[in-house]
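Coordinate analysis (summary)
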Amino acid sequence: MEKWSLMTITVLLALTVRWAVSLGSYSGAGKPPMYGDYEAQRHWQEITYNLPIRQWYFNTSDNNLLYWGLDYPPLTAYHSFVCAYVAKLINPDWVALHTSRGYESQPHKLFMRTTVFVADLLVYIPAVILYCFSLKETSAKKKASTCALCILLYPGLILIDHGHFQYPLSLGLALWAVLCLSHDWDLLGSVAFCLALNYKQMELYHSLPFFCYLLGKCFKKGLKGKGLVLLAKLAGTVLVSFAACWLPFGTDVEQIMQVLRRLFPIDRGLFEACMFSSPTHCPDKVANIWCSLSVLIKIKNVISPRTQLKLSFAVTFLSLLPACIKLTVQPSLRGFKFALVSCALSFFLFSFQVHEKSILLVSVPVCLIINEIPFMATWFLLVSTFSLLPLLLKDELLLPYAVTTPAFLAVCLASFSILEKTSAEDLQLKAFSLSLKGYVSWFKSFPRIVRSLFLLSLSLMAVLSVLSAAVPPPQRLPDLFPVAVAVLSCLHFLLFLAYFNVVILWDSKNRGQKKVS
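Here the structure is a predicted model, which is why all the values come from computation and not from measurement.

A closer look at the domain arrangement of the chain
- Assigned domains within the chain: domain 1 (167-263) and domain 2 (265-507).
- Distance from the C-alpha centre of domain 1 to the C-alpha centre of domain 2: 26 Å.
- Counting residues at the interface gives 24 residues for domain 1 and 26 residues for domain 2.
- In total, about 2,100 Å² of surface goes out of reach between domain 1 and domain 2, with carbon and sulfur atoms giving 80% of it.
- It is Tyr 205, Pro 209 and Tyr 213 that lose the most area in domain 1 upon contact with domain 2, and together they represent 32% of the buried surface on that side.
- On the surface where domain 1 and domain 2 come into contact, there are 0 salt bridges.
- At the boundary of domain 1 with domain 2, the tally comes to 1 residue pair in polar contact (both at pLDDT 80 or more).

Next up, the structure:
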């Protein structure tokens with residue numbers, strides 16, 4: 001009973017923070033003609049409720065794809081339809097075809113915010129709670145609740161979901177998939193991940209670790225026996241799950257091809273995030289390698305779009321290959337979770353058409369290992385929130401950012417004493433250190449060096465946050481601060497990618513895990 005009481009308090013605190021953030025502004029509030037993500041979600045409700053399914057993804061007189069055209073997979077469309085059905089019962093004006101464009105009112109804002117709360121309560125938060133209770137390392141009664149508190153108070157996700165405006169369903173479904181795999185419910189986990197992928201195509205960031213882990217399990221069981229049976233079951237489960245999601249579109253090849261064109265608009269170029277056609281959106285401020293390099297070299301002016309696609313694919317593939325090979329050859333739950341982080345970060349840094357918010361696809365897997373490497377996980381989650389600063393400032397979310405970020409740091413300091421966990425062993429670099437010549441003298445000062453770098457990083461992020469919010473940029477360099485935020489964050493992420501890959505490749509803890517058989 002005590003552990004559930006602690007968890008109840010944790011959830012209530014997390015919901016209170018979400019409610020407080022939701023009272024503020026949202027993406028594109030009062031900013032015609034495109035408004036923002038809030039209007040995009042409302043518009044999808046309008047389209048899915050009033051038009052037949054065959055028109056949802058096509059440009060027609062009733063569905064102008066240049067105005068927030070639907071560009072997410074079918075489950076997003078079905079979810080929009082359900083929300084629209086409820087909205088129609090409350091106030092038909094909210095989803096009226098054409099006339100509801102740009103609709104803004106306090107009752108409608110309350111409704112939209114409530115739909116996010118419901119998604120959180122039904123999908124994301126239960127997955128976090130059950131995951132924390134399932135951790136082998138959290139044997140103490142209050143350990144699960146402290147781990148859940150840190151995950152549920154991660155400011156990046158709160159600010160985007162309940163501030164900017166976004167649904168946590170794809171990430172929540174992915175968490176359910178991880179939870180299922182941790183209990184060897186491989187088929188249920190496959191279903192959950194297929195649903196996540198059919199809600200947002202960006203879940204492709206997590207697809208290779210799922211594939212490699214399950215394939216590795218099949219290899220371990222033997223492809224002439226149980227492994228082949230499991231592989232067949234997994235293949236069948238994936239096919240049935242996708243068929244169920246795409247059933248309304250499956251009768252027409254042109255329908256399927258149009259949906260795919262909307263999901264993967266490769267002709268837009270390396271930098272254009274697929275959701276954003278708004279002229280006010282500046283895609284060059286994403287904290288990935290291509291946007292950071294563009295400060296020095298205007299890549300889109302010297303490389304054709306097709307070459308950009310090939311280059312980004314090649315670099316992304318090479319960067320995630322080591323972790324995927326290791327996971328396939330030596331499948332383990334611990335390796336799987338670290339591979340989710342590494343592969344998602346590779347996609348964010350090097351792939352095609354990345355948006356600022358895509359860093360959340362890395363952050364949520366990092367939350368899953370916060371109990372194993374609390375110092376590095378906390379550091380990463382702080383940097384990921386900082387990388388969203390230009391977007392948060394545009395949405396007038398400075399105050400929530402300034403409150404939730406230090407609060408999250410304080411909770412992590414109190415829960416895990418992170419500044420005391422900076423040794424090579426705490427950071428799971430002991431095996432790597434043993435492989436280096438002369439490691440003894442250098443690693444004696446390692447904890448002090450790491451703490452110094454952490455404090456320097458926090459100082460730089462704090463100063464740049466204040467400058468971005470309070471100091472007008474030079475007229476000749478209007479994007480100075482957003483570019484500085486992107487470049488500084490990108491440098492952090494590159495170092496984190498190297499770190500996570502070192503932990504994966506020099507992993508010495510799999511021997512303590514249950515063998516896959």
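A word on the nonpolar core
- Judged by nonpolar contacts, the single largest core of 158 residues is most densely connected at Phe 348, Phe 380, Phe 493 and Phe 500.
- A per-element tally of this core places helix H4 (residues 106-134) first, with 13 residues.
- Two domains each put at least three residues into this core: domain 1 (167-263) and domain 2 (265-507).
- Excluding its chain neighbours within four sequence positions, the residues that come into contact with Phe 380 are Leu 345, Ile 359, Val 362, Ser 363, Val 366, Phe 493, Phe 496 and Phe 500.

Quick word on the environment of Val 118
- Checked against the element boundaries, Val 118 lands in helix H4.
- Distance from Val 118 to Pro 168, taken between C-alpha atoms, is 10.0 Å for residues 50 residues apart in sequence.

A look at empty space enclosed by the protein
- Evaluation of the coordinates by the stated rule reveals 4 cavities of 30 Å³ or more.
- Every residue along the wall of the largest cavity is listed here: Ala 174, Leu 175, Val 178, His 206, Phe 210, Leu 340, Val 364, Pro 365 and Leu 368.
- Elements represented by at least two residues in the lining of the largest cavity include exactly helix H7 (169-182) and helix H15 (360-368).
- Its residues assigned to classes, the lining of the largest cavity shows 8 nonpolar, 1 polar and no charged.
- Counting the residues that make up the lining of the largest cavity, at least three belong to each of domain 1 (167-263) and domain 2 (265-507).

Some points on the packing of aromatic side chains
- Counted by the stated rule, this structure contains 27 aromatic pairs.
- Between Phe 348 and Phe 493 the ring centres are 5.7 Å apart and the planes differ by 85°, which places this aromatic pair in the edge-to-face class. You can see Phe 348 sitting in helix H14 (residues 333-350) and its partner Phe 493 sitting in helix H22 (residues 480-505), a full 145 residues away along the chain. Of the two residues examined, Phe 348 and Phe 493, each falls in the buried class.
- Put simply, the rings of Phe 338, Phe 348, Phe 375, Trp 379, Phe 380, Phe 454, Phe 493, Phe 496, Tyr 499 and Phe 500 touch in pairs and so form one group of aromatic residues.

A closer look at the packing of helix H16 (residues 374-387) against helix H18 (residues 398-416)
- At a minimum axis separation of 11 Å, H16 and H18 run at an interaxial angle of 180°. The orientation of H16 relative to H18 falls into the category roughly antiparallel. Contacts between H16 and H18 involve Pro 374, Thr 378, Leu 381, Leu 382, Thr 385 and Phe 386 from the first element and Tyr 401, Thr 405, Phe 408, Leu 409, Cys 412 and Phe 416 from the second.
- When grouped by side-chain class, the residues that make up the contact of H16 with H18 number 9 nonpolar, 3 polar and no charged.

Comments concerning the environment of Tyr 67
- Relative to the elements of secondary structure, Tyr 67 occurs in the loop between helix H2 (37-50) and helix H3 (74-90).
- Tyr 67 sits 32 residues away from Tyr 35 along the chain, and the two C-alpha atoms are 9.9 Å apart.
- Look past the residues within four positions of Tyr 67 in its chain and what remains in contact with it is Pro 33, Met 34, Tyr 35, Glu 39, His 43, Arg 101 and Gly 102.

Observations concerning a nonpolar patch on the surface
- The grouping of Phe 81, Val 82, Tyr 85, Val 86, Leu 89 and Ile 90 at the surface amounts to a nonpolar patch, some 580 Å² of accessible area in total.
- Residue position: Leu 89 is located in helix H3.
- When its relative accessible area of 62% is taken as the criterion, Leu 89 is described as exposed.

Conventions we followed
Residues numbered from 1 in each chain as written. Predicted model: local features only at pLDDT ≥ 70, side-chain atom pairs only at ≥ 80, totals over all residues. Heavy atoms only, no water. Domains from an automatic or database assignment. Contact = heavy atoms within 4.5 Å. Buried area = accessible area lost by both parts, 1.4 Å probe. Salt bridge = Lys/Arg side-chain N within 4 Å of Asp/Glu carboxyl O. Polar contact = N/O pair within 3.5 Å; in protein donor to acceptor, adjacent residues only side chain to side chain. Core = buried A, V, L, I, M, F, W, Y, C linked by side-chain atoms within 4.5 Å. Buried < 20%, exposed > 50% of the residue type's maximum accessible area, 1.4 Å probe, protein only. Helix = DSSP H or I, 4+ residues; strand = E, 2+ residues; numbered from the N terminus. 1 Å grid on protein atoms, 1.4 Å probe; cavity = no way out; pocket = protein on both sides within 12 Å on 5 of 7 lines; lining within 4 Å. Points joined across faces, edges and corners; volume = space filled by probe spheres on them. Nonpolar A, V, L, I, M, F, W, Y, C, P; charged D, E, K, R; others polar. Phe/Tyr/Trp six-rings, centres within 6.5 Å; stacked < 30°, edge-to-face > 60°. Axes fitted to C-alpha atoms, helices over the stretch in contact; angles between N-to-C directions. Parallel < 35°, antiparallel > 145°, perpendicular 65-115°, else oblique. Patch = residues over 30% accessible without salt bridge, like charges linked within 9 Å, V, L, I, M, F, W, Y side chains within 5 Å. Areas by Shrake-Rupley, 256 points an atom, 1.4 Å probe, with all protein chains shown as cover.

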